[in-house]
Amino acid sequence: MNNFSVDLTNCDKEPIHIPGKIQSHGFLIAVDKTDLNITYVSENVSKFLDVTANQLLDKPLASLNQFTLQQDSDFKIEDLLRLGIIKESFDAITPYPLTINSKPFYLIISVSNQNWLLEFEPVTLQYDIQSSIGRSASSMLQGKSVLDLLKGAAVEVKKLIGFDRIMVYKFLDDGHGEVVAEEKEDELESFFGLHYPASDIPKQARELYKLNLTRLIADVNTEDSPIVTYIENTPLDLTNGCLRAVSPIHIQYLKNMGVYSSFSISLVVGDELWGLIACHNYSPKFIDYKAREGSKLIGQILSSALEYRQAEEDAEVVEQFKDAVAIISGHLNRDKYLVDALVNHQRTILDITKATGVAVIFENNLKTLGDVPLEEDIWELASWLKTNSDESIYYTHRLSEIFPPGKKYKEIAAGILSCAISKDFEEIIIWFKPEQLTTVNWAGNPEKPVTFEEGLMSLSPRKSFETWSQVVKKTSEKWYPEEITSVLRIREIIITEINKKASEIRLLNDKLQAAYDELDTFSYTVSHDLRTPLTSIKTYAELLLKNKSIDGNGLKMIQRIILGADKMNLLIKEILHLARVGRSEIVFEKVNMPEIINDIVTEVWTAFKADNAELILGQLHDLKGDKTMIAQVFTNLISNAVKYSSMVEKPKIEISSYIDNNEIIYAICDNGIGIDNRYYDRVFELFKWMDNVKDIDGTGVGLAIVKRIVERHNGRVWFESKLNSGSKFYVALKYR
Amino acid sequence: MKTPDIFYVEDDTDYAFFMQTAVSEVKDSLNLTIVEDGTEALRRLQSFEESKIKPKLILLDLNLPGLSGIDLLKIIRDIPFLRSTPVILFSTSDNPDDVKACMEFGANAYLTKPDGYDNLVKCVHSVHDFWFNQHLRLN
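Residues numbered from 1 in each chain as written. Chains lettered and ligands numbered in written order. Predicted model: local features only at pLDDT ≥ 70, side-chain atom pairs only at ≥ 80, totals over all residues.

1. Regarding the overall build of chain A
Step number 1: Check the secondary structure of chain A and you find 17 helices and 29 strands.
Step number 2: For chain A, the residues scored as buried account for 38% of the 736 residues in total.
Step number 3: Residue pairs at least 24 apart in sequence account for 65% of intrachain contacts in chain A once pairs closer than 6 positions are excluded. (Helix = DSSP H or I, 4+ residues; strand = E, 2+ residues; numbered from the N terminus. Buried ≥ 20, exposed ≤ 12 C-beta atoms within 10 Å, placed from the backbone. Contact = placed C-beta atoms within 7 Å.)

This is the structure:
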């Protein structure tokens, strides 16, 4: 009937639901749904009843009654079946206890397309198992974590069925399985933590595991009993049958492991086969129907507990992520600097995923937490992400496969989750997960499922069940949807925060600009308006000087008025200058420095009558800048040099320049009175005079103008000085 | 009305006084007419056209209440009768922008108000020498 030839290339297509055979510890009879005539019989019926299979075929079900199924002569098997049909369920009557040849049996009724399946199997359990199942369930559920729960289940199932080894086997993402809990006889080698390749339990088998929550293979060494029928081309579907014969390939598999009896309980979580409780016995061991049902119940309780606990644990993780996000969000709100908020508190962006390291690239600065690759590697990775990803979120648990340089640091960052904050990927956060399973212990080499025997290719499952270690390289734990959600959440918050800060800064900037403009306008207007009355004062004073009736003393006073007015006028002019530096646009042009310096020197030497001062000119590199303003800078500095060295015996002023690292640096050096270091910071401030220059004319604005002009040219100005031995002022402008 | 040699618009009475003094010192015979605000200046300027009286030189203070020196300058340049009359803007401001604007609107010169009386006398001297001698030559 079943001529399907099975080998490892097609075992996932093997029609295991229609094996045409049953396990021979029980027998099977199928009757047609319409007339209740016997359509299929297992050949081994003759071992249990005094009749052969062929004798029963096409007979009414009632004919079974004569084979003394039951001592009680009133019992009619067809009535039992009809009762079930009327009730539309066999739950209440199955298993129905019977006695056959003085031995107790269970009758289990199920449906198979057009037929009713009637399976008979021996009763071996002498006591009522119900109460111990309740106890088992409650002690199992005491496990706090999922792992405790699984271990508890293994322990309880072992108590219930007494098999040598109980394993809880979990299917992982790619279909391969791992033993996540185990309870066994002490002398057995542990399978805990072993991984099994996906092909060990083919797809259609998994479907069956979802339909039949328990599955017993009573003895791998017994001969199966064929099913006989007169119906052609329609093999009996044994999907729901509990005696269904086992695929030869699976029998071989079990034999290879030295297993005589196998029992499995399906764990179905949310419609998916989460895993199995796989039970092995190293000698033949039948499990009574009631004990199997008890195990099934344990499996169902475990399944729902798993669903609940897993959801609970997931929720806990999600809650922790959310907590971290909320806390960071608070920091973002309060902290001045975004990066500080992300990394400098107890809870950081490392806590919003299960990553073990994180790198934040913000405004061209790199900050890291936890285990991260070397800085240069992070920069390289970031620039790779920038060119190769157009999604703001990118993640992989196998970085080095996509980005080969990642091999270097796979131990730290086999997996990455990156999140670009800005569109141009300049601002980016990258989370890292380490290489997760350095070793997977396979139960048998998954790469070599086929063995060769005696020169012939014998297609059978692997014979070797030696642990075969495979080093799974370059792979991290996967990124969970919860982690991605969490990252997206923080991204949103960061972006909002950045936008908020940006507009705050823009606002502040606008205000500053307005204040600055106002101040400039103010100083300009004030200076201007001050000059008019000042001019009047001076002019009247000068007119008074011409008045013959004023005596010598009066004339002296008038002179003082004129001097005062002159000084004030100078001050006002300087302030006007300063204001104008702030107001005018800078037009960058090439400034011929030898020419300008010469002009200034001539002017300054004349103004200060500095004929005795020696001038040494070094190399004078041309500068790029606003010609008028540059001239102003050098006029002020050279004037100062001359002014503050005028009282020494041999004043010496040196002007030179040199190029250093993209800058042209001018030095104006004098051997004058110098500046006390105590005043270093105040030298460039407006209206600051030093103690030692009280007697020298000055406005206190000159150096402020110098500083303002240089800064507007994006340059630097500073000085070195020693009291009573001279000062050296430096002006550095970008060399373009 | 006597033809003014110099028509001067200046709101600052002090400066008007200095100018008067300086002008007399430079050349006593020079006739200086001073008006104190833009509106009055405008009225006078228009009357010049009617009475065919033409000043030899117009001096305008830049910062005036109401009509400014530049406004007056524009008006003068629109009066055909006065088109050939030299106009000098006279201001405390040495802001290049002000200078530029005045020259663009057709000022013949821009003078920064000299600091102090002695400087003012010097300034008036130069103005007189340049504009009046030239004027004579042109005549």
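2. Points about the overall build of chain B
Step number 1: Along chain B, the regular secondary structure elements total 5 helices and 5 strands.
Step number 2: The linear arrangement of helices and strands in chain B, starting from the amino end, is β-α-β-α-β-α-β-α-β-α.
Step number 3: Looking at chain B as a whole, 30% of its 139 residues qualify as buried.
Step number 4: Nonlocal contacts in chain B, meaning residues at least 24 apart in sequence, comprise 69% of its contacts between residues at least 6 apart.

3. Looking at the interface of chain A and chain B
Step number 1: Taken together, the 10 residues of chain A in the interface contact 13 residues of chain B.
Step number 2: At 9 residues, the largest contribution of residues to the side of chain A that touches chain B is made by helix H13 (residues 481-545) of chain A.
Step number 3: When the residues that make up the side of chain A that touches chain B are grouped by side-chain class, the tally is 1 nonpolar, 6 polar and 3 charged. (Nonpolar A, V, L, I, M, F, W, Y, C, P; charged D, E, K, R; others polar.)

4. Remarks on the sheet that holds strand S26 (residues 652-660) of chain A
Residues and elements named next belong to chain A.
Step number 1: Taking strand neighbours across the sheet as the criterion, the 5 strands line up as S24-S26-S27-S29-S28 in an open arrangement whose pairing is mixed. The open sheet has two edge strands, strand S24 (614-617) and strand S28 (716-722), and neither has a second partner. Each strand axis lies, on average, 15° off the axis of its neighbour in the sheet, ignoring direction. (Pairing = 2+ DSSP bridges. Axes fitted to C-alpha atoms, helices over the stretch in contact; angles between N-to-C directions.)

5. Description of the nonpolar core
Step number 1: Core analysis: the biggest nonpolar cluster contains 80 residues, and Ala153, Val157 and Ile277 of chain A have the highest contact counts within it.
Step number 2: Counting 45 residues, the second largest nonpolar core, distinct from the first, contains Val581, Ile600, Ile653 and Ile668 of chain A. (Core = buried A, V, L, I, M, F, W, Y, C linked by C-beta atoms within 7 Å.)

6. Re unusual backbone geometry
All names here are of chain A.
Step number 1: A cis geometry characterises the amide bond from threonine 94 onward to proline 95, with omega recorded as -5°.
Step number 2: Mapped onto the secondary structure, proline 95 falls in the loop between helix H3 (77-87) and strand S4 (96-100).
Step number 3: Within the chain, serine 102 stands out as a residue other than glycine whose phi angle is a positive 70°.
Step number 4: In this structure, serine 102 sits in the loop between S4 and strand S5 (103-112).
Step number 5: The exposure class assigned to serine 102 is exposed, which follows from the 7 C-beta atoms found within 10 Å.
Step number 6: Located in the positive-phi region is asparagine 661, a residue other than glycine, with phi close to 50°.

7. Topic: the sheet that holds strand S2 (residues 32-35) of chain B
Residue and element names in this part refer to chain B.
Step number 1: The strand order across the open sheet built from 5 strands is S2-S1-S3-S4-S5, with neighbouring strands paired in parallel fashion. The open sheet has two edge strands, S2 and strand S5 (109-112), and neither has a second partner. For this sheet the average axis-to-axis angle between neighbouring strands, irrespective of direction, equals 20°.
Step number 2: Bridge count between strand S1 (residues 6-9) and S2: 4 bridges; the pairing is parallel. Bridging across to S2, phenylalanine 7 finds its partner in threonine 33.
Step number 3: Contacts between helix H3 (residues 69-78) and the sheet are confined to S1, strand S3 (57-61) and strand S4 (87-91), with S3 contributing the most and set at about 150° to the helix.

8. Topic: the pairing of strand S3 (residues 38-42) of chain A
Residue and element names in this part refer to chain A.
Step number 1: By the criterion of burial, S3 is predominantly enclosed, with 5 of the 5 residues buried.
Step number 2: The hairpin turn running from strand S2 (residues 27-32) into S3, its antiparallel successor, is 5 residues long, and leucine 36 in that turn takes a positive phi close to 55°.
Step number 3: By the bridge criterion, 3 bridges tie S3 to strand S11 (residues 225-229) in an arrangement that is antiparallel. Bridge pairing in S11 links tyrosine 40 to threonine 229.

9. Describing the environment of isoleucine 597 of chain A
All names here are of chain A.
Step number 1: Looking at the element boundaries, isoleucine 597 is found in helix H15 (residues 593-607).
Step number 2: Considering only alpha carbons, one finds isoleucine 597 and phenylalanine 634, 37 residues apart in sequence, at a separation of 7.3 Å.
Step number 3: Not counting chain neighbours up to four residues away, the residues in contact with isoleucine 597 comprise Leu617, Leu620, Phe634 and Ile655.

10. Comments concerning the confidence of the model for chain B
Residue and element names in this part refer to chain B.
Step number 1: On average, residues of chain B score 85 in pLDDT, and 94% of them are at 70 or above.
Step number 2: Taken element by element, chain B is modelled with least confidence in helix H5 (residues 117-138), mean pLDDT 78, and with most confidence in S1, mean pLDDT 92.
Step number 3: Both scores are available for the predicted complex, with the pTM at 0.52 and the ipTM at 0.73. (pLDDT = per-residue confidence, 0-100.)

11. Here's the deal with the pairing of strand S18 (residues 428-433) of chain A
All names here are of chain A.
Step number 1: Most of S18 sits out of view: 6 of its 6 residues are buried.
Step number 2: Taken together, the 5 bridges between strand S14 (residues 357-362) and S18 define a ladder with antiparallel strand orientation. Counted as the bridge partner of glycine 357 is phenylalanine 432 from S18.
Step number 3: Inspection of the sheet shows strand S17 (residues 415-420) paired to S18 by 6 bridges, in the antiparallel sense.

12. Describing the UniProt feature "modified residue: 4-aspartylphosphate" (unreviewed entry) in chain B
All names here are of chain B.
Step number 1: Sites flagged by UniProt as "modified residue: 4-aspartylphosphate" (unreviewed entry) map to Asp61.
Step number 2: Here aspartate 61 is to be found in strand S3.
Step number 3: Among all residues touching aspartate 61, those that are not within four sequence positions of it are Val9, Glu10, Asp11, Gly69, Phe90 and Ser91. (UniProt positions renumbered as here; feature names shortened; annotations may be inferred.)

13. Observations regarding the packing of helix H5 (residues 146-161) of chain A against helix H8 (residues 289-334) of chain A
Residue and element names in this part refer to chain A.
Step number 1: Between H5 and H8, whose axes approach to 10 Å, the crossing angle comes to 175°. Comparing the axis directions of H5 and H8 gives the class roughly antiparallel. Along its contact with H5, which presents Val146, Leu149, Ala153, Glu156, Val157, Leu160 and Ile161, the element H8 presents Ala291, Gly294, Ser295, Ile298, Leu302, Ala305, Leu306, Arg309, Gln310 and Glu313. (Parallel < 35°, antiparallel > 145°, perpendicular 65-115°, else oblique.)

14. Structural notes on H3 of chain A
Residues and elements named next belong to chain A.
Step number 1: Of the residues making up H3, those classed as buried are Ile77, Leu80, Leu81 and Gly84. Buried residues along H3 cover an arc of 95° about the axis, so they all sit on one side.
Step number 2: On its buried side, H3 packs onto S4, S5 and strand S6 (115-122).
Step number 3: Just past H3, the residue glutamate 88 takes up positive phi, approximately 55°. (Arc of directions from axis to C-beta.)

15. Some remarks on the packing of H15 of chain A against helix H16 (residues 627-643) of chain A
Residue and element names in this part refer to chain A.
Step number 1: Where H15 meets H16, the axes come as close as 10 Å, and the angle between the chain directions of the two elements is 45°. Considering the angle they form, H15 stands oblique to H16. Judged by the twist between their axes, the crossing of H15 over H16 is right-handed. Note on element contacts: H16 touches H15 through Ile630, Ala631, Phe634, Thr635, Ile638, Ser639 and Val642, opposite Ile596, Ile597, Ile600, Val601 and Val604.
Step number 2: Of the residues contributing to the contact of H15 with H16, the split by class is 10 nonpolar, 2 polar and no charged. (Left-handed = near helix turned anticlockwise from the far one by under 90°.)

16. Looking at the environment of leucine 216 of chain A
Residue and element names in this part refer to chain A.
Step number 1: Along the chain, leucine 216 turns up in strand S10 (residues 214-217).
Step number 2: Sequence separation of leucine 216 and isoleucine 265 is 49 residues, and the distance between their C-alpha atoms is 9.0 Å.
Step number 3: Apart from the residues within four sequence positions on either side, leucine 216 is in contact with Cys242, Phe263, Ile287 and Arg292.

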